[in-house]
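# Structure at a glance
Here's the letter readout for the chains.
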Amino acid sequence: MGALNSRMPWNRVGHAPDEPGAPEGEEEAEEAVIEEGEENEEARPSTSQGRHKRKTGPEGQLAKAPHRKRAKDSLESIYETLFLRGEGSDVQIRALGEEWNLHKVYLCQSGYFASMFSGAWRETSMNTVELQMPDENIDCEALHEALGSLYRGSVLVPPGRVVPMLATASMLQLDKLIRQCGEIMKETVSDQTVCSYYYSAESYGLQNIRAMCLQWLLDNLMTQHNEELLREVSLDLMKEVIASSDLFVMEVEMDVYTTLKKWMFLQLQPTWRGPRRDLLPDANSWFAGSRQESEGTPFLETEQGRAFVPAFQQLRLAYIICDLPSARIIDQDALIPATWLTPVYKEQWLALLRAEQTRDRGPVDVYVSDLQRTSMRCGGQLLRDEQCTWRWAGFNFGWDLVVCYANRRIIFKRSALNNSCGLGVSLLWQRKVAFRLRLASLDRAGRAIFRKETEYQVLSLGKDEELEVMNLENEDVGFPIYVTCNFLYLPRKGRFSE
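Residues numbered from 1 in each chain as written. Predicted model: local features only at pLDDT ≥ 70, side-chain atom pairs only at ≥ 80, totals over all residues. Heavy atoms only, no water.

## As for the overall build of the protein chain
To keep it simple, the criterion reads: By definition, any uninterrupted DSSP run of H or I lasting at least four residues is a helix, any uninterrupted run of E lasting at least two residues is a strand, and each is numbered from the N terminus. The buried label applies to any residue whose accessible area, calculated with a 1.4 Å probe on protein chains only, is under 20% of its type's maximum; exposed applies above 50%, and partly exposed to all values in between. Only heavy atoms matter for contacts: two residues are in contact if any of them lie within 4.5 Å across the pair. Per-residue and other accessible areas follow the Shrake-Rupley method at a 1.4 Å probe size, with only the shown protein chains counted as cover for residues.
Looking only at helices and strands, the protein chain features 17 helices and 14 strands. Evaluated residue by residue, the protein chain yields a buried proportion of 47% over its 498 residues. Once local pairs closer than 6 in sequence are excluded, the contacts in the protein chain between residues at least 24 apart make up 68%. A total accessible area of about 25800 Å² is found for the protein chain, and carbon and sulfur atoms account for 49% of it.

## Concerning the side chain of Glu253
What counts here: Under the rule applied, a polar contact is a pair of N or O atoms within 3.5 Å (in protein, one hydrogen donor and one hydrogen acceptor; residues adjacent in sequence only if both atoms are side-chain atoms).
The residue Glu253 is located in helix α12 (residues 253-268) in this model. A distance of 2.7 Å separates polar atoms of two side chains, one belonging to Glu253 and the other to Arg377. Not counting residues within four places of it along the chain, the set of residues in contact with Glu253 comprises Leu315, Arg316, Tyr319, Ile320 and Arg377.

## Digging into the pairing of strand β8 (residues 409-415)
What counts here: Here, any two strands with at least 2 DSSP bridges between them count as paired.
Judged by how many residues are buried, β8 sits mostly within the fold: five of seven residues are covered. Between the antiparallel neighbours strand β7 (residues 400-406) and β8 lie two residues, among them Asn407 with a positive phi of about 55°. The sheet contact formed by β8 and strand β12 (residues 466-471) spans five bridges and is antiparallel. Bridging across to β12, Arg409 finds its partner in Asn471.

## Concerning the pattern of salt bridges
Filter applied, for reference: By salt bridge we mean one thing: a side-chain nitrogen of Lys or Arg within 4 Å of a carboxyl oxygen of Asp or Glu.
One pass over the full model with this rule turns up 22 salt bridges. For the salt bridge of Asp139 with Arg161, the shortest nitrogen-to-oxygen distance reads 2.8 Å. Linking Asp139 in the loop between β3 (128-130) and α5 (140-152) with Arg161 in the loop between α5 and α6 (162-172), this pair joins segments that are 22 residues apart in sequence. Given the relative accessible area of 25%, Asp139 is considered partly exposed. Of the charged contacts, one joins Glu473 and Arg409 as a salt bridge, the two residues approaching to 3.0 Å between their closest N and O atoms. Here Glu473 is found in the loop between β12 and β13 (481-490), whereas its partner Arg409 is found in strand β8, with 64 residues between them in sequence. Accessibility expressed as a relative area gives 47% for Glu473, which makes it partly exposed.

## Thoughts on the packing of aromatic side chains
Our working rule: What counts as a ring pair is set by centres within 6.5 Å for rings of Phe, Tyr and Trp (its six-membered ring), and what kind of pair is set by the plane angle: stacked under 30 degrees, edge-to-face over 60, tilted for all other angles.
Scanning the model with the defined rule gives 15 aromatic pairs in all. Summarising the aromatic geometry, the rings of Tyr257 and Phe312 are spaced 6.4 Å apart at their centres and angled 80° between planes, so their arrangement reads as edge-to-face. You can see Tyr257 sitting in helix α12 and its partner Phe312 sitting in helix α14 (residues 309-312), a full 55 residues away along the chain. Across the pair, Phe312 and Tyr257 agree in class, each one buried. Judged by centre distance (5.0 Å) and plane angle (75°), the rings of Phe287 and Phe299 are edge-to-face. Separated by 12 residues along the polypeptide, Phe287 in helix α13 (residues 279-293) and Phe299 in the loop between α13 and α14 bring together distant segments of the chain.

## Remarks on the sheet that holds strand β2 (residues 98-102)
Note the following rule: Axes here mean lines fitted to C-alpha atoms, for a helix over just the part in contact, with angles spanning 0 to 180 degrees between N-to-C directions.
A sheet is described by the order of its strands in space; here three strands give the open sequence β2-β1-β3, paired in mixed fashion. Either end of the sheet is taken by a strand with one partner, and the two such strands are β2 and β3. Neighbour to neighbour, the strand axes of the sheet diverge by 20° on average, direction disregarded. Here strand β1 (residues 91-95) pairs with β3 via three bridges, running parallel. Note on β3: the bridge partner recorded for Gln92 is Thr128.

## Thoughts on the packing of α12 against helix α15 (residues 324-333)
The description of two packed helices rests on the angle between their axes and on the distance between the axes. The line we're drawing: Each angle receives one of four descriptions, namely roughly parallel if under 35 degrees, roughly antiparallel if over 145, roughly perpendicular if within 65 to 115, and oblique otherwise. In this scheme, a crossing is called left-handed if the near helix is turned counterclockwise away from the far one by less than a right angle; it is called right-handed if the turn is clockwise. Each residue is assigned to one of three groups, with Ala, Val, Leu, Ile, Met, Phe, Trp, Tyr, Cys and Pro labelled nonpolar, Asp, Glu, Lys and Arg labelled charged, and all others, Gly among them, labelled polar.
Running from N to C, α12 and α15 cross one another at 25°; their axes reach a closest spacing of 11 Å. Our classification of the angle between α12 and α15 gives roughly parallel. Crossing angle aside, the handedness with which α12 passes α15 is left-handed. Counted together, Met254, Tyr257 and Lys261 of α12 and Ser326, Ile329, Ile330 and Asp333 of α15 form the full contact between these two elements. Of the residues in the contact of α12 with α15, the class split is four nonpolar, one polar and two charged.

## Quick word on the pairing of β7
Remark: a regular strand shows side chains that alternate across the two faces of the sheet. Along β7, six of the seven residues are buried, which leaves the element largely enclosed by surrounding structure. Sheet topology places strand β6 (residues 388-390) next to β7; three bridges connect them, and they run antiparallel. In the strand pairing of β7, Thr389 is matched with Cys404. Taken together, the seven bridges between β7 and β8 define a ladder with antiparallel strand orientation. Bridging from a neighbouring strand, Val403 pairs with Phe412 of β8.

## Description of unusual backbone geometry
Following Phe479, the chain continues into Pro480 via a peptide bond in cis, with omega recorded as 5°. Phi at Glu251 is positive, roughly 80°, even though this residue is not glycine. In this fold, Glu251 is placed in the loop between α11 (235-243) and α12. A residue is classified by how much of its surface remains accessible, and Glu251, at 42% relative accessible area, is partly exposed.

## Examining the nonpolar core
Cut-off, in case you're wondering: Take the buried residues of types Ala, Val, Leu, Ile, Met, Phe, Trp, Tyr and Cys, join any two whose side-chain atoms come within 4.5 Å, and each joined set is a nonpolar core.
In this structure, Ile410, Phe412 and Phe487 are the most contacted members of the largest nonpolar core, which totals 126 residues. Those residues in contact with Ile410, other than ones at most four positions away along the chain, are Val403, Cys404, Tyr405, Leu437, Leu439, Leu467, Glu468, Val469, Met470 and Val483. Among the nonpolar cores identified, the runner-up in size contains five residues, and Phe248, Met250, Leu442 and Tyr482 belong to it.

## Examining the confidence of the model for the protein chain
Applied cut-off: Residue-level confidence of the predictor is summarised by pLDDT, bounded by 0 at the bottom and 100 at the top.
Looking at the protein chain, the pLDDT average stands at 80 and 76% of residues meet or exceed 70. Long-range and interchain partners of residues 1-66, a stretch whose pLDDT sits below 50, account for 81 contacts in this model, where long-range means more than four residues apart. The model gives residues 492-496 a pLDDT under 50, and that stretch makes 16 contacts with residues more than four places away or in other chains.

## Concerning α13
The condition that has to hold: What a helix should span is 1.5 Å times the count of its residues minus one. Note that the arc is defined by the directions from the helix axis to the C-beta atoms.
For α13, spanning 15 residues, the distance from its first C-alpha to its last is 21 Å, which sits close to the expected 21 Å at 1.5 Å a residue. Every buried residue of α13 is listed here: Leu279, Ala283, Phe287 and Ser290. In an axial view of α13, the angular spread of the buried residues amounts to 55°, which keeps them on one side of the axis. Across α13 from its buried face, at more than 90 degrees, point the exposed residues Ser285 and Gln292. Glu295 sits one or two positions beyond α13 and adopts a positive phi of about 60°.

Shown next, in the form of C-alpha cells:
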C-alpha cells in the first residue's frame, strides 16, 4: 500500500480542488505546472469547452514565466495556509511534543497515513492521532519537513540532515523523499559521512547506497590515514571490509594488521586525542601495559579483546608471518594467540617444501572463491606519470615478481636476480601465479573518478620474462593512482576455474 496507490491526479500540484481553505486560482496554477513540461512543444487547441489556445511564438514563451511564478506562489500559499496555519484541518497529528493541524486528503499521499486512514484501523475515524516514534533518528525538525513536503511537493534536504530525513521518510513511506535522500548521499559521501550513510542505508533498505559506502571504505580505509574514520567503523563493518579481496591494500598484509591495531585501540580508548604520528606508538604502549596486567595472555584472549576476534580473524596471516620484521612485531605485540599462528607457520613451511623439493604440486584446480579468500593483497601509489617499480617482500615461494609502470603501461616481470626478497629465487624454469590487477583514482572526497581492473587470470612466466597486463595509453587518467594486486601462487600443473 504505497503512496502511489493513494494519490489522485490533482496531487501533482499538491492540493485537492475542493479542499476547504485552499486559495483561489488553483486551477490556473495547475495549468501552469503542465506548461512547464511542454516548454518546447507547440501549443495545441484544447478539446474541452471554455479553453483557449495557448500563445505561440516568442510572446507565448515569455507569457509562460508568469504562469510558473503563479504556480510556485500558489504552492507556497497552500503550504502557508493549510500546513503552517492549519486552516480547514480535519485531523491533528501529535508527536515528539508537537502538534500539527493537517488534512487527511494530503496525508494520504503517504503510504503510512493512507493505510492508517483506510480499512479497519481505529485511527480512521479519529480527529487526533498520537504518533509513536520507534526510531531515534527521527526528530521534530525532520518530521515537520516531511509532513510539509506533502503540501508543497518538495523539500530542501541539507547533507547534514539527510539521515533524520531518511528515517522519517521511511517511516511515513514517502518514496519520492527516500529517493531524494539517496541521491544526496551519493553526491556527498566522504570520510565524514560514509559510516552514518552506511548504517542508515542498512537500516532503511537502501542496498545501492550501502554498496556504495562499502566500496568507498574498500577504496579509502587503507589509502587515507584518518583516525576519526576509524573511530566510526563498527565491528561488523570492519569485519566485512577486512575480509574483502577488493580492499585497496597499500603495501602489504602487515599494513592491514597495523590498521586493525589502531582501530582496536581507538575503540577501546575513544577519548584519545593527539597527533597522527603518535597514534601507533600510543597504541603499542597501551597494549604493552595490558599485556603486563594480564600476565602475558594474548590480548584477543582477554575479556576486553574477545569482542574484536571476528575482525582479526579476517587477516591473511600467511602473508604476514613470511616476512621476518613483520613476524617479530606479531610476536612482540602478542595480540594474536599462538593457537592461530602455529598452524599457519606449519602450513607455509610445508608449502615451500612441496613447491621446491617434490613433484607433489598440491591442488590442481583453483577457483575464484580461493583467490577471493586466500590471495595475497598488496599495492602501491603512483603519485605522477613517471616510471615506478614495486617489489613486495614476503614469502613468494622464491618468486621475485616485479611490477613496473612505464609509458602508461603496467608490466609484470619475473626477476631471476636474488635481491634478498623472500627466501631467494626459485630455480624452477616456469612459475605460475593467479592474479588480478586493479587501479583507481580518487577525488578529494574519496570518490572514484577513474577505475580499471583485470579479471582473475593465470600468469606463467619463465626467468626474466615479462608481460604487459594493462595499457592506459588511451585512458583519461588523473594522478595519483592507487594500484593494488591480488596474487595466489599456483602449482606447476595448476588450473584456474570459475
